[in-house]
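Architecture at a glance
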Amino acid sequence: MRKLLVIAALLFVPLATTAARAHAFLDHASPLVGSTVASAPREVVLTFTQNLEPAFSTVEVTDGNGARVDQGKASVSGNTMRIGLKAIGAGSYKVNWHALSVDTHTTQGSFSFRVGNP
Ligand SMILES: [Cu+2]
């Protein structure tokens, strides 16, 4: 039974990979996903696996209390979305993004980063 499950899982991997490539997923971010940075970043930059539709792609950055610490309006260029940050101190911050890729599929995700001494 267990062997069958493993085989089934392996069979689905190529399909999942193909589907993932067809949408705009987060490829990498600055600050890095889950990282701790020594000094406060002035912006968050998200790079996606596909070009984005600027009008329908957004990102919000919130502090530990859920208060917005971003400058309000993301700018999108190609597969990159960036948003400026207010002056932030040490703490944990959450980045919530929504993306509409040029193939009209929506994706969303979130991650956090920390400012302060690791
Ligand atoms: Cu897609």
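A few points on the structure. Bear in mind that the values here come from a model prediction, so they are computed numbers and not experimental data.

Taken in spatial order, the four strands line up as S2-S8-S7-S4 in an open sheet, and their pairing is mixed. Among the strands making up the open sheet, the edge pair consists of strand S2 (36-37) and strand S4 (58-62). Note: S4 against strand S7 (residues 91-100), five bridges, orientation antiparallel. Note on S7: the bridge partner recorded for Thr62 is Lys94.

Moving on, we come to unusual backbone geometry. Geometrically, the link from Ser30 to Pro31 is a cis peptide bond, its omega value of -5 degrees lying close to zero. With respect to the helices, strands and loops of the structure, Pro31 is situated in the loop between strand S1 (26-30) and S2. Unlike most non-glycine residues, Thr104 shows phi in positive territory, near 70 degrees. Tracing the backbone through its elements, the reader meets Thr104 in the loop between S7 and strand S8 (106-115). We classify Thr104 as exposed; its relative accessible area is 60%.

This paragraph deals with the sheet that holds strand S6 (residues 80-84). Spatially, four strands are ordered S1-S3-S6-S5 in an open sheet, and the strand pairing comes out antiparallel. Both edges of this open sheet fall to S1 and strand S5 (75-77), since each of them pairs with a single strand only. Strand after strand, the sheet turns through a mean of 20 degrees between neighbouring axes, direction not considered.

Cut-offs and rules
- Residues numbered from 1 in each chain as written.
- Predicted model: local features only at pLDDT ≥ 70, side-chain atom pairs only at ≥ 80, totals over all residues.
- Heavy atoms only, no water.
- Pairing = 2+ DSSP bridges.
- Helix = DSSP H or I, 4+ residues; strand = E, 2+ residues; numbered from the N terminus.
- Buried < 20%, exposed > 50% of the residue type's maximum accessible area, 1.4 Å probe, protein only.
- Axes fitted to C-alpha atoms, helices over the stretch in contact; angles between N-to-C directions.

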